Amino acid sequence: MLADFRKRFIVSFILTFPVLLLSPMIQGFFGFEFRVPGADILTFLLSTVVYFYGGYPFLKGLKDELAEKAPGMMTLIAVAISVAYFYSSAVVFGLPGGVFFWELVTLIDVMLLGHWLEMRSVMGASRALEELVKIMPSIAHLKKNGETVDVGVDRLKIGDRVLVKPGEKIPVDGIVTEGTSSVNESMLTGESRPVTKKPGTEVIGGSINGEAAFVVEVKKTGKDTYLNQVVELVRTAQESKSKTQDLANRAAMYLTIIALTVGALTFLLWIFFGHEVVFALERAVTVMVITCPHALGLAIPLVVAVSTSLAAKSGLLIRDRQAFEKARSLEAVIFDKTGTLTEGRFGVTDVVLLSGDVDKINDKEVLSLAASLEASSEHPIARGILESAREEGIEPLPVEKFSSIPGKGIEGTIEGRKFLVVSPGYLEEKGILLNNGRIESEKIEEIKEQGKTVVFLLEGDTVLGALALADIVRKESREAISKLKGMGIKCLMLTGDNRYVAAWVSKELELDDYFAEVLPHEKAAKVKEVQKQYITGMVGDGVNDAPALAQADVGIAIGAGTDVAIETADVVLVKNDPGDVLYIIELSRKTYSKMYQNLLWATGYNVFAIPLAAGVLYGCGILLSPAIGAVLMSLSTVIVAINARALDMG
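All values derive from a computational prediction rather than experimental measurement. (Residues numbered from 1 in each chain as written. Predicted model: local features only at pLDDT ≥ 70, side-chain atom pairs only at ≥ 80, totals over all residues. Heavy atoms only, no water.)

### What to know about the overall build of the protein
Where we set the bar: Working definition: helices are DSSP H or I runs of at least four residues, strands are E runs of at least two. Numbering for both runs from the N terminus. When a residue's accessible area, from a 1.4 Å probe over protein chains only, is under 20% of the maximum for its type it is buried; when over 50% it is exposed; and in between it is partly exposed. Note on contacts: a residue pair is in contact if any heavy atoms of the two residues lie within 4.5 Å. The Shrake-Rupley method, run with a 1.4 Å probe sphere, supplies the accessible areas, and residue values consider only the shown protein chains as cover.
Of the regular secondary structure elements, the protein holds 26 helices and 22 strands. In the protein, which comprises 650 residues, the proportion classed as buried is 53%. Pairs at least 24 apart in sequence give 69% of the contacts found in the protein among residues at least 6 apart. Total accessible area on the protein stands at roughly 29000 Å², and carbon and sulfur atoms take up 57% of it.

Here it is, written out as structure tokens:
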């Protein structure tokens, strides 16, 4: 479509030069004379090509807008060029009057250029559904007759058993029949911590297997799978999203009504006052042609091009202009938790000393010993402890006699001393008490109530300390939430994670409200609930956010998220910074203000031009000629261009 507009513009632009050169009005205006035999017929033929070829998108747009009962920019342009073309053609073949061919071709040129500029700036075509389908692996390892055979996922049937290797995506929805591993479902469900899967537990197609292989029995295929249901939710939300007209279309709708009404009244009144039909028709046509100013075709696209460029330099990609315009009016912003407000990775949030002897060991030593042991493990908790240690500048110590305690933890010798990192289940199994004679301390209980994962560091049977792990809250999130609330915007959180983790994050960031344990197919419904009260933005990064992003008035995707989220969103944040939501709102407000100013400049001259074109001052000998109308139109176009360039977010 972009290439089509470009091609139509180039062809029309080339054909415009001979039309301008042969136009008596242009010759008179610039004071030169150029006579060519059959100039009228040649101008008519060239203008006919421009009208039907260059004007085709607008004539088609007229049909579409009228079918939807929503006249807008396309209707206004189509009316203006059609009136100019058919009236001028009638003049060429004998009707007394003047031709408007040069206005016709230049108007089509400017409108094609404007639409091309705008489309090039904002590529809004969404490929969300295709990206969703891409998430699923195409090949599965089918176990058959004691062998493993690679087959296409589309050939799997309910009851088949497939092998899922470490690091692979699970190809279908099913139930684990053999093996135990941890699975990352965060992009699909919003659950931040890895989920342990063992025989009898369900797995979702598209989630990522962790450290060990397991066998899955297929329970759902095709349209019944979880991911295909998300596809359907996205499709439904995109189709039902309100088709609000943008600022330019609303202005164009009013101008269309004005043009047709004033044109008709002009014609009828001149007939009523006894003038010839030809004179009345020329006045009516002049009104309708002048009402569609050239500047209107550039008023919005130029601002869009400038604001899109400014946004891109700041790491924002605007995909849908209408939604971007609406960002200025946001009253509530809903944030996904995992990967948006948080970093989407496990890290140490608390270190609790439990040895009873503060001088014996400190926080850094607990973290250092735990990280040294975990350096040899592939478990996600191990990676979280190791990364947190490295952020503190702690490098792992050499470990000897390393071994894992299946399902409970790990052990090893560091500098001749035996240490263990274990789960609470290990303490219960061995009957190991903390220094206060209890299984749990009040601090540990408080941490567990926050939904965090707790592991203990032991030396032999003595508990030295505990490490609490959770999805790390982004540093930028606090400032972003604080500033948004300062602007009077409600800040909410929507997550598939458990309510304890959600409550902890909500308290940390001082959110207005949160929704926890929300499944992806419920997220769009939650956004709808909030939309009943507020104009709502949704910020997310995962597949599980796609239906909600499509449903929201403004969908904003974190750029490091999935392609699905990015393709469903209206605006994409290239950086993982929730603070950029503030920039979007501020840029939207300034952009809208510039659009509004440009529309006033682009149409303001109509206040003078339309009455003069209609012949209000005819009795005083003043009648607006098309040449003077052209000067006014050119002046408004220059002003609009300068004003658009003045958009600045500095």
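### Here we look at the UniProt feature "transmembrane region" (unreviewed entry) in the protein
Basically, it comes down to this: UniProt positions are given in the numbering used here, feature names are shortened, and annotations may be inferred rather than shown by experiment.
The UniProt record annotates "transmembrane region" (unreviewed entry) at residues 41-59, 71-93, 99-117, 251-273, 285-312, 599-618 and 624-644. Helix makes up 95% of residues 41-59 and strand 0%, whereas the separation of the span's terminal C-alpha atoms amounts to 23 Å. Span residues 251-273 is 96% helix and 0% strand, its end C-alpha atoms 32 Å apart.

### Observations concerning the sheet that holds strand β8 (residues 208-209)
Selection rule: A pair of strands is considered paired only if DSSP assigns at least 2 bridges between the two.
Read across the sheet, three strands follow the order β6-β5-β8 without closing on themselves; strand pairing throughout is antiparallel. Edge positions in the sheet fall to β6 (195-197) and β8, since each of these pairs with one other strand and no more. Sheet topology note: the strand β5 (residues 181-184)/β8 ladder contains two bridges and is antiparallel. Each bridged residue has a counterpart across the sheet, and for valine 183 the counterpart in β8 is asparagine 209.

### Regarding the packing of aromatic side chains
Stated precisely, the cut-off is as follows: Any Phe, Tyr or Trp ring, taking Trp's six-membered ring, that has another such ring centre within 6.5 Å forms a pair; planes under 30 degrees apart are called stacked, those over 60 apart edge-to-face, and the others tilted. Should the NZ of a Lys or the CZ of an Arg lie within 6 Å of a ring centre and within 35 degrees of the ring normal, that charge is described as sitting over the ring.
Scanning the entire structure with this criterion turns up 13 aromatic pairs. Ring geometry for phenylalanine 44 versus phenylalanine 93: centroids 5.2 Å apart, planes at 85°, classification edge-to-face. One end of the pair, phenylalanine 44, is in helix α3 (residues 39-54); the other, phenylalanine 93, is in the loop between α5 (73-92) and α6 (101-121), and 49 residues separate them in sequence. By relative accessible area, which is 14% here, phenylalanine 44 ends up buried. Members of the aromatic cluster, each reached through a chain of ring pairs, are Phe44, Tyr51, Phe52, Tyr85, Phe86, Phe93 and Phe101. Lying over the aromatic face of tyrosine 592, arginine 328 brings its terminal NZ or CZ to 3.5 Å of the ring centre.

### Here's the deal with the sheet that holds strand β20 (residues 536-540)
Under the convention used in this document: Axes here refer to lines fitted to C-alpha atoms; in helices the fit is confined to the stretch in contact. Angles between the N-to-C directions go from 0 to 180 degrees.
Across the sheet, seven strands lie side by side as β10-β22-β21-β20-β11-β18-β19; this open sheet has mixed pairing. Edge strands, defined here as strands with exactly one partner in the open sheet, are β10 (316-318) and β19 (513-515). Averaged over all adjacent pairs, the angle separating strand axes in this sheet is 20°, with direction ignored. Sheet analysis places strand β21 (residues 554-558) next to strand β22 (residues 571-573), joined by three bridges and oriented parallel.

### Points about the side chain of threonine 43
By the secondary structure assignment, threonine 43 is in helix α3. A residue is classified by how much of its surface remains accessible, and threonine 43, at 7% relative accessible area, is buried.

### What about the side chain of serine 506?
Within the secondary structure, serine 506 sits in helix α20 (residues 499-509). The exposure class of serine 506 is buried, given its relative accessible area of 8%. Setting aside residues no more than four positions away along its own chain, serine 506 makes contact with Met493, Leu511 and Tyr514.

### With respect to the nonpolar core
Under the convention used in this document: What we call a nonpolar core is a set of buried Ala, Val, Leu, Ile, Met, Phe, Trp, Tyr and Cys residues that are connected through their side-chain atoms within 4.5 Å.
By size, the foremost hydrophobic cluster in this structure holds 93 residues, and its most contacted members are Leu104, Phe335, Leu484, Ile556, Val581 and Ile584. Looking at which element gives the most residues to this core, the answer is α5, with 13 residues. Those residues in contact with phenylalanine 335, other than ones at most four positions away along the chain, are Thr340, Leu341, Ile481, Leu484, Leu492, Met493, Leu494, Val539, Pro578 and Val581.

### Topic: the confidence of the model for the protein
Put simply, the rule is: Residue-level confidence of the predictor is what pLDDT reports, using numbers from 0 through 100.
When pLDDT is averaged along the protein, the result is 81, and 87% of the positions lie at 70 or above. The low-confidence segment residues 123-129 (pLDDT under 50) makes 18 contacts with residues lying over four places distant or belonging to another chain. Confidence over residues 240-245 falls short of pLDDT 50; this stretch has 14 contacts with residues more than four positions distant or in other chains.

### Here's the deal with the layout of surface pockets
Put simply, the test is: Buriedness for pockets is judged along seven lines, at least five of which must meet protein on both sides within 12 Å for an open set on the 1 Å grid over protein atoms alone, while cavities are sets there where a 1.4 Å probe fits but cannot get out, and lining residues have an atom within 4 Å of a point. Grid points are joined across faces, edges and corners, and a volume is the space filled by probe spheres set on the points. Note on residue classes: Ala, Val, Leu, Ile, Met, Phe, Trp, Tyr, Cys and Pro are nonpolar, Asp, Glu, Lys and Arg are charged, and everything else, Gly too, is polar. Boundary definitions for the domains trace back to an automatic or database domain assignment.
Of the volumes computed, that of the second largest pocket is approximately 920 Å³. Forming the walls of the second largest pocket are 33 residues, and the residues nearest its centre are His379, Ile381, Gly407, Lys408 and Gly409. Sorting the residues of the lining of the second largest pocket by element identifies β5, β6, α16 (380-391), β13 (400-405), β14 (409-414), β15 (417-422), α17 (424-430) and β16 (453-459) as the ones contributing at least two each. Here the residues of the lining of the second largest pocket are counted per class, giving 14 nonpolar, 13 polar and six charged. A domain-level breakdown of the lining of the second largest pocket finds at least three residues from each of domain 2 (139-233) and domain 4 (344-472).

### Observations regarding a nonpolar patch on the surface
The line we're drawing: Two distance rules govern patches: like charges are joined within 9 Å, and nonpolar side chains (Val, Leu, Ile, Met, Phe, Trp, Tyr) within 5 Å, applied only to residues with over 30% relative accessible area and no salt bridge. Within this document, salt bridges are pairs made up of a side-chain nitrogen of Lys or Arg and a carboxyl oxygen of Asp or Glu, the two lying within 4 Å of each other.
Residues Leu21, Phe30, Phe32 and Phe34 make up a contiguous nonpolar surface patch of roughly 380 Å² in combined accessible area. Summarising the element assignment, phenylalanine 32 is placed in the loop between α2 (24-30) and α3. Judged by its relative accessible area of 33%, phenylalanine 32 falls in the partly exposed class.

### Quick look at helix α19 (residues 475-486)
We apply this condition: For this quantity, the arc is that covered by the directions from the helix axis to the C-beta atoms.
Taken together, the buried positions of α19 are occupied by Ser477, Ala480, Ile481 and Leu484. For α19, the arc enclosing every buried residue in end-on projection is 100°, short of the 170-degree limit, so these residues lie on one face. What points out from α19, more than 90 degrees from its buried face, is the exposed set Lys475 and Gly486. In this structure, the buried side of α19 is in contact with β11 (332-336), α14 (337-341), β17 (462-473), β18 (490-494), α20 and α24 (580-604). Downstream of α19 by one or two residues, glycine 488 has phi in the positive range, about 85°.

### Quick notes on the pairing of β16
Most of β16 sits inside the fold, with six of its seven residues counted as buried. As paired strands, β15 and β16 are joined by four bridges and run antiparallel to one another. Bridging from a neighbouring strand, valine 421 pairs with leucine 457 of β16. In terms of strand pairing, β16 meets β17 through seven bridges, oriented antiparallel. Across the sheet, the residue bridging to valine 455 is leucine 467, located in β17. Here β16 hands over to β17 after two residues, with glycine 460 in that stretch at a positive phi of 65°.

### Quick word on the pairing of β21
Note the threshold: When the strands point away from the viewer, a crossover counts as right-handed if the route from the first strand across the helix to the second turns clockwise.
Most of β21 is tucked away: five of the five residues are buried. Judged from the four bridges that link them, β20 and β21 form a sheet pairing that is parallel. Following the sheet pairing, valine 539 is matched in β21 by isoleucine 556. In this fold, the crossover linking β20 to β21 by way of helix α22 (residues 546-551) has right-handed handedness.

### Here's the deal with the pattern of salt bridges
One pass over the structure, following the stated rule, counts 15 salt bridges. The partner of lysine 408 in a salt bridge is glutamate 429, and the shortest N-O contact between them spans 3.5 Å. Linking lysine 408 in the loop between β13 and β14 with glutamate 429 in helix α17, this pair joins segments that are 21 residues apart in sequence. For glutamate 429, a relative accessible area of 52% translates into the label exposed.

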